[in-house]
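Per-entry structural report
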Amino acid sequence: MAAPATAPPPPSNLRRIVAASLVGTTVEWYDFFLYGSAAALVFNKLFFPDSDPLVGTLLSFLTYAVGFAARPLGALVFGHYGDRLGRKKLLVLSLLMMGGATFAIGLLPTHATVGAAAPVLLTVLRLIQGFALGGEWGGAVLLVSEHGDARRRGFWASWPQTGAPAGQLLATGVLSALTALMSESTFEAWGWRIPFLLSGVLVVLGLWIRLSVDESPVFKAALAQAQERKAASEPDEKMPLVAVLRHHWRDVLIAMGARMAENISYYVITAFILVYATTSADLSKQTALNAVLIASAVHFAVIPLWGALSDRVGRRPVYLVGAVGVGLWMFPFFALIDSRSFGSLLLAVTVGLIFHGAMYAPQAAFFAEMFATRMRYSGASIGAQFSSVAAGAPAPLIATALLADFGSSTPISLYVIAAALITVVAIVCAKETRHRDLSDLGTAAGPQAGTEGPEGAGDRATLPSDARTV
């Protein structure tokens with residue numbers, strides 16, 4: 001049976017909680033995306049100088065992909081302890097790890113100084129970044145989802161998601177400003193280090209805000225119940241990972257499938273485009289960076305709007321619009337870039353990110369609503385991060401390899417379309433979750449419970465009108 005739902009916090013407290021999650025995720029994604037942009041622009045020359053330019057870019061993106069390989073491990077570790085110790089403690093740790101690794105990249109010697117040790121050190125720091133990000137996402141979205149008003153959960157939970165375009169905006173903006181103000185030789189000599197070193201300032205700001213918020217009341221209730229069970233000598237709960245795989249394996253698979261189009265399209269649109277626009281379309285680095293910069297601002301603005309729409313019509317319909325839209329957009333996307341005008345490039349990236357936002361915005365609430373409280377951090381993190389190994393990690397690498405082998409964007413478009421089809425199947429197989437009560441503490445009380453009827457009407461019918469909040 002569901003535990004009584006807690007009252008929503010006052011608006012000022014909720015805004016502070018949203019700010020804490022948003023600032024933290026912005027810093028984390030700034031660090032992560034900064035690496036991706038640098039991998040496309042300079043790391044091939046600084047850390048893999050003996051390679052053919054396109055091969056060097058492939059090797060650079062390979063170290064980029066390594067960060068994704070560490071994300072599932074981060075999801076497992078942070079998810080386990082986040083479900084045992086709380087969301088807040090783990091979010092502080094993830095921020096420190098990510099910021100420290102990024103700052104250290106800014107101090108790294110290059111291949112010209114230490115030879116083969118340079119790419120090895122770069123790879124180690126990228127692994128730390130991936131590990132930290134694997135634990136960040138689940139905790140950040142749950143901190144908001146478990147505090148907020150259930151009627152507007154999609155809207156409020158979408159704000160931590162805006163940390164991705166905000167981080168992209170910051171990373172691309174800093175790089176764009178530096179490339180505009182510096183000569184290419186100066187930027188490659190030392191200018192590229194500045195954005196990485198700035199991460200230290202952003203981490204201090206993020207910690208100051210993140211340490212000021214309280215733990216999720218839903219988690220506190222679940223922890224109190226677990227302690228009562230222990231005091232009564234009842235059987236110990238299963239480890240969160242074991243419980244997730246036992247009770248929510250289907251939901252984990254759905255979450256993984258749902259991320260395929262979202263993850264792959266994003267890294268093709270924002271990371272690979274820096275390669276394609278500058279090599280195949282003969283556009284300048286500055287032009288490509290400016291297009292991503294402006295489109296990221298639009299992306300930031302539309303994510304809360306898509307989140308609010310998911311509160312009205314449901315998570316699944318909005319997600320499907322994004323998956324279908326991004327699949328249909330791929331051929332026009334590359335055709336516009338091939339026209340070699342800034343306006344066409346900007347239109348291609350902006351529309352692509354608007355469709356991506358339709359998937360990314362409801363994702364936070366959607367994944368949180370799939371899992372019971374005492375396994376929610378583990379379940380949401382595992383579903384989100386394990387898919388990133390097969391989706392986002394190799395996306396720029398695969399796209400670059402396809403371009404090198406075929407000399408055409410057609411195989412890349414088909415690659416993204418295939419991912420969109422997988423996501424459509426996953427969402428069609430999912431159940432609507434927008435009326436789910438997150439205060440349900442039962443281990444088997446996931447989406448399988450109370451979802452009879454359209455839009456989760458069975459779940460809604462079991463709750464009094466004043467208890468449908470988290």
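Residues numbered from 1 in each chain as written. Predicted model: local features only at pLDDT ≥ 70, side-chain atom pairs only at ≥ 80, totals over all residues. Heavy atoms only, no water.

1. A closer look at the nonpolar core
Counting residues in hydrophobic clusters, the biggest one holds 132 residues, and the most contacted among them are Phe-43, Phe-333 and Phe-367. With 19 residues, helix α1 (residues 11–47) is the largest single contributor of residues to this core. Leave out the neighbours within four places in its chain, and Phe-333 touches Ile-269, Ile-273, Ala-348 and Val-349. Counting residues in hydrophobic clusters, the runner-up holds five residues, among them Val-27, Leu-95, Val-203 and Leu-207. (Core = buried A, V, L, I, M, F, W, Y, C linked by side-chain atoms within 4.5 Å. Buried < 20%, exposed > 50% of the residue type's maximum accessible area, 1.4 Å probe, protein only. Helix = DSSP H or I, 4+ residues; strand = E, 2+ residues; numbered from the N terminus. Contact = heavy atoms within 4.5 Å.)

2. Some words on the packing of helix α12 (residues 249–279) against helix α15 (residues 342–368)
The geometry of α12 relative to α15 is characterised by a closest axis approach of 10 Å and an angle of 150° between their N-to-C directions. When the axis of α12 is compared with that of α15, the two are roughly antiparallel. Pair α12 / α15 crosses with left-handed handedness. Mapping the contact onto sequence places Ala-255, Ala-258, Arg-259, Ala-261, Glu-262, Ser-265, Tyr-266, Ile-269, Thr-270 and Ile-273 in α12 and Leu-345, Val-349, Gly-352, Leu-353, His-356, Met-359, Tyr-360, Gln-363 and Phe-367 in α15. The residue makeup of the contact of α12 with α15, split by class, is twelve nonpolar, five polar and two charged. (Axes fitted to C-alpha atoms, helices over the stretch in contact; angles between N-to-C directions. Parallel < 35°, antiparallel > 145°, perpendicular 65-115°, else oblique. Left-handed = near helix turned anticlockwise from the far one by under 90°. Nonpolar A, V, L, I, M, F, W, Y, C, P; charged D, E, K, R; others polar.)

3. Looking at helix α16 (residues 376–390)
With 15 residues, α16 ought to run about 21 Å at 1.5 Å a step, and its terminal C-alpha atoms sit 22 Å apart, in line with that. The sharpest bend along α16 measures roughly 25° and falls at Ile-382. Of all 15 residues making up α16, twelve are buried, and the element is well covered by its neighbours. For α16, every residue scored as buried is listed here: Arg-376, Tyr-377, Ser-378, Gly-379, Ala-380, Ser-381, Ile-382, Gly-383, Ala-384, Gln-385, Ser-387 and Ser-388. (Expected span 1.5 Å × (residues − 1). Bend = angle between axes of the 7 residues up to and from the residue.)

4. A short note on the confidence of the model for the protein chain
Summarising the model, the protein chain shows a mean pLDDT of 82, and 85% of its residues fall at 70 or more. Across residues 1–6, where pLDDT falls below 50, the model places 15 contacts with residues more than four positions away in sequence or in other chains. Below pLDDT 50 for its whole length, residues 441–470 participates in 73 contacts with residues either more than four positions away or in separate chains. (pLDDT = per-residue confidence, 0-100.)

5. Quick look at the packing of aromatic side chains
A full pass over the atoms with the stated rule returns 16 aromatic pairs. Ring centres 6.1 Å apart and planes at 40° place the aromatic pair Phe-366 and Phe-367 in the tilted group. The buried category is assigned to Phe-366, whose relative accessible area is 0%. Three or more aromatic residues link up through ring pairs in this structure, and these residues are Tyr-35, Phe-43, Phe-47, Trp-192 and Phe-196. Over the ring of Tyr-35 we find Arg-126; its NZ or CZ atom is 4.3 Å from the centre of that ring. (Phe/Tyr/Trp six-rings, centres within 6.5 Å; stacked < 30°, edge-to-face > 60°. Lys NZ or Arg CZ within 6 Å of the ring centre and 35° of its normal.)

6. Quick look at the packing of helix α6 (residues 153–161) against α15
If you want to describe how two helices pack, look at the angle between their axes and the distance between the axes. Two elements in contact, α6 and α15, have axes whose closest approach is 7 Å; the angle formed by their N-to-C orientations is 110°. Considering their axes alone, α6 and α15 lie roughly perpendicular with respect to each other. When you trace α6 past α15, the crossing you get is right-handed. In contact with Arg-153, Gly-154, Ala-157, Ser-158 and Gln-161 of α6, α15 contributes Tyr-360, Ala-361, Gln-363, Ala-364 and Ala-365.

7. Points about the environment of Gly-167
Structurally, Gly-167 is set in helix α7 (residues 163–181). It is 9.1 Å that separates the C-alpha atoms of Gly-167 and Ser-296, two residues lying 129 residues apart in sequence. Once you skip the residues sitting within four places of it in the chain, Gly-167 turns out to touch Thr-26, Trp-29, Tyr-30 and Phe-33.

8. Here's the deal with the environment of Thr-113
Relative to the helices and strands, Thr-113 resides in helix α4 (residues 111–114). Sequence separation between Thr-113 and Phe-47 is 66 residues; the distance between their C-alpha atoms is 10.0 Å.

9. Comments concerning a nonpolar patch on the surface
A cluster of nonpolar residues, Leu-73, Val-77, Tyr-81 and Leu-85, forms a patch on the protein surface that exposes about 350 Å² of accessible area. Relative to the assigned elements, Tyr-81 resides in helix α2 (residues 53–85). The class of Tyr-81 is partly exposed, set by a relative accessible area of 42%. (Patch = residues over 30% accessible without salt bridge, like charges linked within 9 Å, V, L, I, M, F, W, Y side chains within 5 Å. Areas by Shrake-Rupley, 256 points an atom, 1.4 Å probe, with all protein chains shown as cover. Salt bridge = Lys/Arg side-chain N within 4 Å of Asp/Glu carboxyl O.)

10. Comments concerning the side chain of Gln-129
Topologically, Gln-129 is positioned in helix α5 (residues 117–145). At a separation of 2.8 Å, a polar atom in the side chain of Gln-129 contacts the side chain of Thr-102. Among residues more than four places away in sequence, those in contact with Gln-129 are Asp-31, Phe-32, Tyr-35, Met-98, Ala-101, Thr-102 and Ile-105. (Polar contact = N/O pair within 3.5 Å; in protein donor to acceptor, adjacent residues only side chain to side chain.)

11. Quick look at the environment of Pro-396
Inspection of the secondary structure assignment puts Pro-396 in helix α17 (residues 395–406). Overall, the relative accessible area of 1% leaves Pro-396 in the buried class. Here the alpha-carbon distance between Pro-396 and Ile-269, two residues 127 residues apart in the chain, equals 9.3 Å. If we skip the residues at most four places from it in the chain, Pro-396 touches Phe-61, Tyr-64, Tyr-267, Ala-271 and Phe-272.

12. A word on α15
The first and last C-alpha atoms of α15 sit 39 Å apart over 27 residues, in line with the 39 Å expected at 1.5 Å per residue. Largest kink in α15: about 35°, centred on Pro-362. Taking burial as the measure, the 27 residues of α15 include 22 buried ones, the bulk of the element.

13. Regarding unusual backbone geometry
Generally, phi is negative for residues other than glycine and the peptide bonds are trans, each holding for most cases. Positive phi, normally seen in glycine, also occurs at Asp-282, with a value near 55°. Of note in this structure, Arg-340 is not a glycine but carries a positive phi near 65°. Along the chain, the position of Arg-340 falls in the loop between α14 (315–338) and α15. Classification of Arg-340 as partly exposed rests on a relative accessible area of 47%.

14. Observations regarding the side chain of Gln-363
Within the fold, Gln-363 resides in helix α15. The class of Gln-363 is buried, set by a relative accessible area of 0%. Among the polar contacts listed, one links the side chain of Gln-363 to the side chain of Glu-262, at a separation of 3.0 Å. Excluding anything up to four places from it in sequence, Gln-363 contacts Trp-137, Gln-161, Arg-259, Glu-262 and Tyr-319.

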